[in-house]
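# Structural overview
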Amino acid sequence: MDPVSFKSEKAKDFVSSFYNNLIKKTPSLFGAIYKLGDLYSSTSLPSPVYWANASYSDALQQYIEGNRFDAVICTHLYGMEAMTAILRKAPALIPCYGILTDYTCIPFMAETKLDGYFVPHDGVKQYMVDRGFREDCIHVSGIPVDARFSECTARSSARSALGIQQDKEVYLLMTGGIGCENMMGLCDELLSTLSKDSLIFVLTGRNDIMKRKLDEKYHESQQLRTVPFTNQVNLYMTAADVMLSKPGGLSSTEAAVVNVPLVHVNAIPGCETYNARFFSEHGMSLWAKNNKHAVQLAQSLTHNPANAEKMRTMQKKFSNPNAANDIVMEVCGI
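Described in the following lines is the structure provided in the data block.

## Points about the pairing of strand β3 (residues 116–119)
Taking every second residue as pointing to the same face, both faces of β3 are buried, with Gly116 and Phe118 on one and Tyr117 and Val119 on the other. Two strands pair when backbone bridges link them, and strand β2 (residues 96–99) and β3 are joined in this way by three bridges, in the parallel orientation. Across the sheet, residue tyrosine 97 finds its bridge partner in β3, namely glycine 116. Of the strand pairs in this sheet, β3 and strand β4 (residues 138–140) are connected by three bridges, and their pairing is parallel. Bridge pairing links valine 119 to valine 140 in β4. Between the parallel pair β3 and β4, the chain is carried across by helix α6 (residues 122–130), and the sense of this crossover is right-handed.

Laid out in structure tokens, this is it:
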């Protein structure tokens, strides 16, 4: 359930549209708001974010009680804020847990009060303890991903399933919420640099406008192919020689679990900056300064198998393919 839907469907659509437009059109403004949020969090005063989500807490509480749930797991700050408001009124209502899906503790998290938190690594746990969270309620689990990403599929099998030639050098681009102009710049750089035997797959998700623009611009290219929303992302990652992506917390974790060499590019200021920093500092990705640099880094992985293998080793070391199962076991007390 999207927690904001308990306010109204109109509110849910507004919040989603506002956020998506903010990161697509004015990412620097999002970064500025993120910094302001950090500053506000240091005051220990309830934030406007808390009060906005507390406003639908009665409806959420009725839903929980009406369905007689045994526990609540929140994967977003908004749900954690609403549950905090509920538990302040009815502390014995139901156990509630939060999952942090970025490699940092985002602004306003400190004003939530839940029974437990699941975090991606020890650094985030220490950060939260330093800011007043009880150490015994923070569990280092890693970020949970769909089980398909932890399936041990051979690259050749993934390529066969997707109809990709086995002898091609394959570059995978994950767009996330990135603007179309930035994606075109990256595609231009790749096409002008890579050999003619290379293939570029751009996963555009549900961004139909971006797909149409890319198809219109590159319709004559034999190298670049766009892919709309698909439930085979794990296969595309497995089939790729290297993946270029924004440093979203979930998509980056999926890449690490699949074990695909990774280049981070076009980070939105804020939590994505922390994600890229964590991955690059731990050898799990390379962090590009711009599109040209991204292509250079991608080729340093495709043309040097030792570099790629070293990165895969670090991804295995710092990711947990079983995070979802570990979280459920902890919540259920197994």
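## Here we look at the nonpolar core
Grouped together as the largest cluster of nonpolar side chains are 56 residues, with contacts concentrated most on Leu172, Leu173, Ile200, Met237, Leu244 and Val263. When residues of this core are assigned to their parent elements, the largest contribution, six residues, is made by helix α8 (residues 180–193). Residues contacting leucine 244, with those up to four places away along its chain left out, are Tyr171, Leu172, Leu173, Met174, Leu186, Val263, Ala294 and Ala298. Judged by nonpolar contacts, the second largest core, of 28 residues, contains Phe6, Ala82, Phe108 and Ile138.

## A short note on the environment of leucine 199
Relative to the assigned elements, leucine 199 resides in strand β6 (residues 198–205). Classification of leucine 199 as buried rests on a relative accessible area of 2%. As for leucine 199 and isoleucine 164, which are separated by 35 residues in sequence, their C-alpha atoms are 9.0 Å apart. Each residue touching leucine 199, except ones within four places of it in the same chain, is listed here: Ile164, Gln165, Lys168, Glu169, Val170, Tyr171, Gln222, Gln223 and Arg225.

## Points about the layout of surface pockets
By volume, the second largest pocket amounts to about 360 Å³. In this structure, the second largest pocket is lined by 20 residues; those nearest its centre are Ser41, Ser42, Ser44, Ala110 and Glu111. At three residues, the largest contribution of residues to the lining of the second largest pocket is made by helix α2 (residues 27–41).

## Side note on unusual backbone geometry
At arginine 68, a position not held by glycine, the phi torsion is positive, near 55°. Among the structural elements, arginine 68 can be located in the loop between α4 (57–67) and β1 (72–74).

## Brief notes about the sheet that holds strand β8 (residues 242–245)
Within the open sheet, the six strands sit side by side as β7-β6-β5-β8-β9-β10. Their pairing is parallel. Each edge of the open sheet is held by one strand with a lone partner, namely β7 (224–228) and β10 (286–287).

## Overview of the pattern of salt bridges
Counted according to the given criterion, the structure contains eleven salt bridges. Here lysine 12 and glutamate 9 are joined by a salt bridge, their closest N and O atoms 2.9 Å apart. In this pair, lysine 12 and glutamate 9 are both assigned in helix α1 (residues 9–25), three residues apart and thus about one turn of the helix distant. Using a relative accessible area of 45% as the deciding quantity, one classes glutamate 9 as partly exposed. Between aspartate 241 and arginine 159 there is a salt bridge, with the nearest N and O atoms lying 2.9 Å from each other. Of this pair, aspartate 241 sits in the loop between α10 (233–239) and β8 while arginine 159 sits in helix α7 (residues 155–162), placing them 82 residues apart in sequence. Residue class for aspartate 241 comes out buried when judged on its relative accessible area of 16%. Linked through salt bridges whose partners overlap, the residues forming this network are Arg155, Arg159 and Asp241.

Conventions we followed
Residues numbered from 1 in each chain as written. Predicted model: local features only at pLDDT ≥ 70, side-chain atom pairs only at ≥ 80, totals over all residues. Heavy atoms only, no water. Buried < 20%, exposed > 50% of the residue type's maximum accessible area, 1.4 Å probe, protein only. Helix = DSSP H or I, 4+ residues; strand = E, 2+ residues; numbered from the N terminus. Pairing = 2+ DSSP bridges. Right-handed = clockwise from strand over helix to strand, strands pointing away. Core = buried A, V, L, I, M, F, W, Y, C linked by side-chain atoms within 4.5 Å. Contact = heavy atoms within 4.5 Å. 1 Å grid on protein atoms, 1.4 Å probe; cavity = no way out; pocket = protein on both sides within 12 Å on 5 of 7 lines; lining within 4 Å. Points joined across faces, edges and corners; volume = space filled by probe spheres on them. Salt bridge = Lys/Arg side-chain N within 4 Å of Asp/Glu carboxyl O.

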